[in-house]
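# Coordinate inspection notes
Here is what each chain is made of, one letter per residue.
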Amino acid sequence: MPANLPPQYYEAEKEYRRARTPAEKIEALETMLAIMPKHKGTEHLKAEIRARIGALTQQAERQAGGAARTQIYTVRREGAGQAVLVGLPNAGKSQLLAALTHATPKVAEYPFTTQLPQPGMMPVDNAQVQLVDLPPIVPGGTPPWQRALMRQADVLVLLVDLGEDPLRDWETLREELASMHFLLVPPGTAAGDVEGVVPKRTLVAGTKHDLPGAAENFQLLALELDGRLPLFAVSGTPGTGLDVLNRATFDALDVIRVYTKPPGKPADRSKPFILSRGSTIDDLADHIHHDLREKLRYATLWGASGKFDGQRVGREHVLEDEDVVELHER
Ligand SMILES: Nc1nc2c(ncn2[C@@H]2O[C@H](COP(=O)(O)OP(=O)(O)OP(=O)(O)O)[C@@H](O)[C@H]2O)c(=O)[nH]1
Ligand SMILES: [Mg+2]
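Residues numbered from 1 in each chain as written. Chains lettered and ligands numbered in written order. Predicted model: local features only at pLDDT ≥ 70, side-chain atom pairs only at ≥ 80, totals over all residues. Heavy atoms only, no water.

Relative to strand β3 (residues 127-133), strand β2 (residues 118-124) runs antiparallel, the two being bridged by seven bridges. Bridge pairing in β3 places Met122 opposite Val129. Counted between consecutive antiparallel strands, the loop separating β2 from β3 contains two residues, among which Asp125 sits at a positive phi close to 50 degrees. (Pairing = 2+ DSSP bridges. Helix = DSSP H or I, 4+ residues; strand = E, 2+ residues; numbered from the N terminus.)

Pasting the structure below:
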């Protein structure tokens, strides 16, 4: 089966051949992987590229003096999902992380304050979303590890400073993300099958809404975006608009919270299982424990997706947010 690769793939391949350092090579290979069409014809090529990335990563780690050094550039995923904060220098990314989580990043009036990724957990009802503060986007100069974090994230939160020139900054940011092959998609819509791009669910936050002139700038930005991406007005100090952004970030993950309960007892709602939307009883069992899927006989259901409380449902039943499930084993 022919691979039918898009032109962007060949561009990335050229970059790969031009690359000098292992990091540059990894970056180019990851771009190739990300924009490769998903079908049988590309599987072999994909495996080959992954193997090359593996070998280069080891080489990079040896050169950098061990895995410990590269670990500071990665963030272990936690909670219901991961959203990264992306914006130009001084946009207010770190201040927003501080306002939404218990993390204590450095916030300063000079640009390029943040040098490394910093995660924080943001509570949304009974779930936690991982927010990751990143160094600023520098046109043409965003390092490979930062691009990799953005590619791995579930959601991009793009920050635009409402105290500056939001249209200029938005244009800079948009162009830079396009040059990294990101396709910005509003949450809740299907990305479609566009070749050569990395679709990412995206929210836009106009920051520093407390500053004079910010309200007018917000309107300008809203006109420019014209509903193509959801836009929020926030202020990290004093915290305004945060609840709405917080909720929208969780919703953008497109996950559901499901609770299990033992027969005759209430569910523990403080510890939801997080599943992607469209998951079934089978997926829930598998998520809890691999063996449970095998052992599962049937399930009873209380909640939105059932017809009545205590309804008996089969493995293929599709769950909804806040369903409560009793799993019966053989
Ligand atoms: N008035 C106002 N100032 C803010 C707000 N958020 C951040 N700032 C100020 O803007 C400056 C930059 O804030 P940071 O949060 O450090 O910005 P950043 O995007 O993390 O900056 P880099 O890490 O350098 O990319 C600081 O002086 C903050 O005090 C806000 O909501 N309102
Ligand atoms: Mg910062």
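Following the structure, the description resumes.
Counted according to the given criterion, the structure contains two aromatic pairs. Directly above the aromatic system of Trp302 lies the positively charged group of Lys261, at a separation of 4.6 Å from the ring centroid. The positively charged end of Arg312 is found above the aromatic ring belonging to Tyr298, 3.6 Å away from the centroid. (Phe/Tyr/Trp six-rings, centres within 6.5 Å; stacked < 30°, edge-to-face > 60°. Lys NZ or Arg CZ within 6 Å of the ring centre and 35° of its normal.)

By nearness alone, 22 residues border ligand 1, and Lys93, Gln95, Phe112, Asp210 and Gly236 come closest of all. Within the side chain of Lys208, a nitrogen or oxygen atom sits 2.9 Å from an oxygen atom of ligand 1. Asp210 is positioned such that a nitrogen or oxygen atom in its side chain is 2.7 Å from a nitrogen atom of ligand 1. Residue classes in the shell around ligand 1 are distributed as nine nonpolar, nine polar and four charged. (Near = heavy atom within 4 Å. Polar contact = N/O pair within 3.5 Å; in protein donor to acceptor, adjacent residues only side chain to side chain. Nonpolar A, V, L, I, M, F, W, Y, C, P; charged D, E, K, R; others polar.)

Before going further, it helps to spend a moment on the coordination of the magnesium ion (ligand 2). At this site the magnesium ion (ligand 2) is bound by Ser94 (OG) and Thr114 (OG1), with donor distances of 2.0 to 2.1 Å. Of this pair, Ser94 sits in helix α5 (residues 93-100) while Thr114 sits in the loop between α5 and β2, placing them 20 residues apart in sequence. The class of Ser94 is buried, set by a relative accessible area of 8%. Using a relative accessible area of 13% as the deciding quantity, one classes Thr114 as buried. (Donors = N, O, S within 2.8 Å, 3.2 Å for Na, K, Ca; no water. Buried < 20%, exposed > 50% of the residue type's maximum accessible area, 1.4 Å probe, protein only.)

Our focus in this paragraph is the pairing of strand β12 (residues 323-329). Of all the seven residues making up β12, six are buried; the element is thus mostly covered by neighbouring parts of the structure. Note: strand β8 (residues 255-260) against β12, three bridges, orientation parallel. The residue of β12 that forms the bridge with Thr260 is Val325. Two strands pair when backbone bridges link them, and strand β10 (residues 296-302) and β12 are joined in this way by six bridges, in the antiparallel orientation. Bridged to Trp302 within β12 is Val324.

Once that is clear, we can look at unusual backbone geometry. Cis peptide bonds are those with omega within 30 degrees of zero, and the linkage from Thr237 to Pro238 qualifies with -10 degrees. Inspection of the secondary structure assignment puts Pro238 in the loop between β7 (231-233) and α9 (242-252). Not every positive phi belongs to a glycine, and Phe112 is a case in point at roughly 65 degrees. By the element assignment, Phe112 lies in the loop between α5 and β2. Backbone geometry at His181 places phi at a positive 70 degrees, although glycine is not the residue there.

This part is about the domain arrangement of the protein. As far as domains go, the protein holds domain 1 (7-71), domain 2 (82-252) and domain 3 (255-329). Of note, the centres of domain 2 and domain 3, computed from C-alpha atoms alone, are 34 Å apart. Taken together, the five residues of domain 2 in the interface contact seven residues of domain 3. Buried surface at the junction of domain 2 and domain 3, summed over both partners, amounts to about 450 Å²; 43% is from carbon and sulfur atoms. If you sort the residues of domain 2 by the area they bury against domain 3, Asn126, Ala127 and Phe250 come out on top, with a joint share of 82%. (Domains from an automatic or database assignment. Contact = heavy atoms within 4.5 Å. Buried area = accessible area lost by both parts, 1.4 Å probe.)

Take the sheet that holds β12 next. The strand order across the open sheet formed by five strands is β9-β8-β12-β10-β11, and the pairing between neighbours is mixed. Strands at the two margins of the open sheet, each flanked by one partner only, are β9 (273-276) and β11 (311-313). Neighbour to neighbour, the strand axes of the sheet diverge by 40 degrees on average, direction disregarded. Strand direction decides the pairing type here: β10 and β11, joined by three bridges, are antiparallel. (Axes fitted to C-alpha atoms, helices over the stretch in contact; angles between N-to-C directions.)

Our focus in this paragraph is the packing of helix α7 (residues 166-179) against helix α8 (residues 214-225). At a minimum axis separation of 9 Å, α7 and α8 run at an interaxial angle of 40 degrees. Taken together, α7 and α8 sit at an angle that is classed as oblique. Here α7 contributes Pro166, Leu167 and Trp170 to the contact with α8, which in turn contributes Asn217, Leu220, Leu221, Glu224 and Leu225. Here the contact of α7 with α8 is composed, by residue class, of six nonpolar, one polar and one charged. (Parallel < 35°, antiparallel > 145°, perpendicular 65-115°, else oblique.)

Here we come to α9. When α9 is considered as a whole, its buried residues turn out to be Leu242, Leu245, Asn246, Ala248, Thr249, Phe250 and Ala252. At the exit of α9 stands Asp254, carrying a positive phi of roughly 60 degrees.

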